[in-house]
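Chain by chain, the residues run as shown.
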Amino acid sequence: MSTASLDHLDAQQLRALAQRLMGEVTSRDAQLAARDAEIVARDAVIAERDRVLHFKQTHIDQLTQELALYKRWRYGKRSEQLNPAQASLLEETMDADMAAIEEEVNALREAIAPKPAQPQAPRRMKLPAELPRTDIHHEPASITCTCGCGLKRIGEDVSEKLDYLPGTFTVQRHIRGKWVCDKCETLTQAPVPAQVIDKGIATAGLLAQVLVAKFADHLPLYRQEGIFARAGLALPRSTLGEWVGVCGLRLQPLVDALKAEVLDRAVLHADETPVQMLKPGAGKTHKAYLWAYTPTSYDSLRAVVYDFTPSRAGEHCRTFLDDWRGKLVTDDYAGYKAGFAAGITELGCMAHARRKFHDLHASNQSQIAGQALELFGALYGVERDLADLPAVERQRMRQERARPIVQTLQRWMIAQRQRVPDGSGTARAIDYSLKRWEALTRYLDDGHAPIDNNWVENQIRPWAVGRANWLFAGSLRGGQRAAAIMSLIQSARLNGHDPYVYLKDVLTRLPTQKNNCIAELLPHRWTPAI
C-alpha cells in the first residue's frame, strides 16, 4: 500500500488499518512460532527414535558379541578337563543360552527394521510315520463370503506338532481348510494357531514336560534325551536346549509380574544359598548365589521369586528390592544391613538364635543350652496355637502370652552371660541373641510378622535337591533362567497346582495373552482354560 493511497484516510481509519496490520503480523508470528514448535517437537521425536535405535543397536551388538563367545565355548576346542556329565551339562546350557540370545537379537532387529514375513522352509525333523496321529481341524468361523455367496473347500494345509505323555509320543496334525468364493475368488483360511516357539515342532505339552523334568525333577537334558529315545524318538539335547532357552525368554514377563506382586507385600522373607557356576572359558567353577524372596506363611499370596546372582554381595539384594521399604525377615548376613540402614525394617530369625543353643546341647549336653531350649520351645508353642488366628488377634495374644516368655528369656540370658567365660560356645550363643534382641522380638508387635525365617528356607530346599543332579549352573544366563522358571514352578506348587498342568496351559495361552492381562496367568490367579 503506497503513501498516496493513505492520504484520503482520516485518523480513525488509519488507526483501524494499523490495528488490522498489527493483528496480521501477530497471527503470522504465532503461525511461525507454532511451526517452530512443531519442528522442535519433531526433532525431539527423531532424536528419541535415534536414541532408542542406538540403544537397540548397541544391545544387538552386545548380544551378538556374547553369542559369538558362546559359540566359541560351545563348538571350539576346550582345554579344560570336564568329565562327560559336566560336559553334557555345559553343552545343554550353551544351547539354551544361544537360542535365547538369538531370539532376543531377532526381536530387536524386527523392532528396528520390520520386514514383511517371507515364507521359509521350516528347519524341523521329520516325524516318524508310525507315531499315532490326532487330527485337529481349524476352519473359518463362517463359510459365507462377504459378498453373500457360499464358500467352497478347495484344499487344506497340514502342519504336525510333536506331543508327549509320559512314555508315549504322539503327533498332532493341524489341518487348516482352504475355502474360496467362486464369484469374487476370495480365499479364506483359519489362521495358524499361535505357538510359544514360532514354527516349532513341539506342542506346549512337550515343552512343559521338558521344563518340569529339568527344573522340578532336576533331570539334566542329556538324561531326558535318553528317556525320550526309549519312548521311540531321539530328540537331540541341542534341540531340547534351544526349547528351554526360548521358553525361558517367553516366560520372563510372567516372572516380572510375579516379582511386582511379591514386592507389593509389607512383610517378606529373604534368604540365599550358594550355587556353583561354571566359567566356561576357564573350565572352573566359582560360588554364585541363589536368593529367594517370599511373603510370609500368614500372607494370602502364595509365591516365591528366585534371583540368581554371580556373588553374595549385598548390592544384589538391594537391586532386587529397589525402593521397597517394608519389613524383611532374614538371618544375620551382613549383606542385608545396607538395606536396613536405608529404611527397611529388620525382623530377626528366632530359629537361628535357637539353633546356637541346639548345637551346644547336641554336642555336649549343655545344661544351660537345655534351659534355653525349653524357653524357645515355649515361644514356639505359643506360635503353633496362634497360627490360624487373624493378624490382629495374633498380635494381641502374643503380647499376652509370648512377651512374658521373651522377657524371662532375656533376663535369663543376661544372668547366664555373667557366669560363663568370654569366648566359650555358651557365651557366643548368648551374645548372638542379645546383640540382635530388638530385631528378634519385633515380631511380637506385628501379627503379620513370623517368628523366624523357616518359611523361605523351605522354598530354597528344591535347589538343594537339584544341586545333587546338575552339579553347577553352566552360566550366569543359565542360572537366571533356572531361577525364573523355578519361581513359576515352586509358586504353582505353593498354590496346589500340578506344575506340568500349569505350565502346559500357560505356554498354550501365553502367545495370545494381552500384556495388560498377563497377571491372569500368575500361579495364584491361574485357572485352567475351559
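Up top you'll find the structure we're talking about.
Residues numbered from 1 in each chain as written. Predicted model: local features only at pLDDT ≥ 70, side-chain atom pairs only at ≥ 80, totals over all residues. Heavy atoms only, no water.

Colleague: Can you walk me through the packing of aromatic side chains in this structure?
Modeller: Any pair of aromatic rings gets described here by the distance separating the centres and the angle formed by the planes. The full count for this structure, using the stated rule, is 10 aromatic pairs. Ring centres of Phe-357 and Phe-376 lie 5.8 Å apart, and the angle between their planes is 40 degrees; on these two criteria the pair is classed as tilted. Residue Phe-357 is found in helix H8 (residues 350-364), and its partner Phe-376 is found in helix H9 (residues 367-386); the two are separated by 19 residues along the sequence. On the accessibility criterion, Phe-357 (0% relative accessible area) is buried. Among the aromatic residues, ring-to-ring pairing joins Tyr-164, Phe-169 and Phe-228 into one connected group. Over the ring of Tyr-432 we find Lys-356; its NZ or CZ atom is 4.7 Å from the centre of that ring. Here the guanidinium or amino end of Arg-394 rests over the ring plane of Tyr-298, the centre of that ring lying 3.7 Å away. (Phe/Tyr/Trp six-rings, centres within 6.5 Å; stacked < 30°, edge-to-face > 60°. Helix = DSSP H or I, 4+ residues; strand = E, 2+ residues; numbered from the N terminus. Buried < 20%, exposed > 50% of the residue type's maximum accessible area, 1.4 Å probe, protein only. Lys NZ or Arg CZ within 6 Å of the ring centre and 35° of its normal.)

Colleague: Please clarify how the packing of helix H3 (residues 204-215) against helix H14 (residues 476-494) should be interpreted in this entry.
Modeller: A packed helix pair is summarised by two numbers, namely the angle formed by the two axes and the spacing between the axes. The N-to-C vectors of H3 and H14 enclose an angle of 100 degrees; their axes lie 10 Å apart at closest approach. If you check the angle between H3 and H14, you find them roughly perpendicular. Mapping the contact onto sequence places Leu-211, Val-212 and Phe-215 in H3 and Ala-482, Ile-485, Met-486 and Ile-489 in H14. By residue class, the composition of the contact of H3 with H14 is seven nonpolar, no polar and no charged. (Axes fitted to C-alpha atoms, helices over the stretch in contact; angles between N-to-C directions. Parallel < 35°, antiparallel > 145°, perpendicular 65-115°, else oblique. Contact = heavy atoms within 4.5 Å. Nonpolar A, V, L, I, M, F, W, Y, C, P; charged D, E, K, R; others polar.)

Colleague: Sorry, what's going on with the pattern of salt bridges here?
Modeller: Side-chain pairing between opposite charges can occur once the charged atoms of the two side chains come close. Counting across every chain of the model gives 29 salt bridges. The partner of Asp-446 in a salt bridge is Lys-327, and the shortest N-O contact between them spans 2.9 Å. Note that Asp-446 is positioned in the loop between helix H12 (437-441) and helix H13 (454-470) and Lys-327 in strand S8 (residues 327-329), a separation of 119 residues in sequence. By relative accessible area, which is 10% here, Asp-446 ends up buried. Classification of Lys-327 as partly exposed rests on a relative accessible area of 29%. Put simply, Arg-509 and Asp-505 hold a salt bridge, and the shortest N to O gap is 2.7 Å. Of this pair, Arg-509 and Asp-505 are both found in helix H15 (residues 499-509), four residues apart, which corresponds to roughly one turn of the helix. For the pair Arg-509 and Asp-505, one class covers both residues: buried. (Salt bridge = Lys/Arg side-chain N within 4 Å of Asp/Glu carboxyl O.)

Colleague: Mind showing me how you'd approach the nonpolar core here?
Modeller: Taken as a class, soluble globular proteins show a tendency for nonpolar side chains to be buried jointly. Ranked by size, the top nonpolar core spans 81 residues in total, and within it Leu-206 and Trp-243 carry the most contacts. Among the elements that take part in this core, helix H5 (residues 237-262) stands out by supplying 11 residues, more than any other. Here Leu-206 is in contact with Leu-162, Asp-163, Tyr-164, Phe-169, Phe-228, Leu-235 and Trp-243, once residues within four sequence places are set aside. (Core = buried A, V, L, I, M, F, W, Y, C linked by side-chain atoms within 4.5 Å.)

Colleague: Got a minute to help me understand H3 in this structure?
Modeller: Residues lying three or four places apart along an α-helix face the same way, a consequence of the helix completing one turn every 3.6 residues. Between the first and last C-alpha of H3 there are 16 Å, a value that for 12 residues agrees with the 16 Å anticipated at 1.5 Å per step. Of all the positions in H3, only Ala-204, Gly-205, Leu-206, Leu-207, Ala-208, Gln-209, Val-210, Leu-211, Val-212, Ala-213, Lys-214 and Phe-215 are classed as buried. (Expected span 1.5 Å × (residues − 1).)

Colleague: Even after reading the chapter, I still don't get empty space enclosed by the protein, so can you show me in this structure?
Modeller: The gaps of empty space that remain are located by a probe, the size of a water molecule, rolled over the atoms. Scanning all chains against the criterion turns up four cavities of 30 Å³ or more. Taken as a whole, the second largest cavity spans an internal volume of roughly 40 Å³. Looking at the lining of the second largest cavity residue by residue, the classes come out as four nonpolar, two polar and four charged. (1 Å grid on protein atoms, 1.4 Å probe; cavity = no way out; pocket = protein on both sides within 12 Å on 5 of 7 lines; lining within 4 Å. Points joined across faces, edges and corners; volume = space filled by probe spheres on them.)

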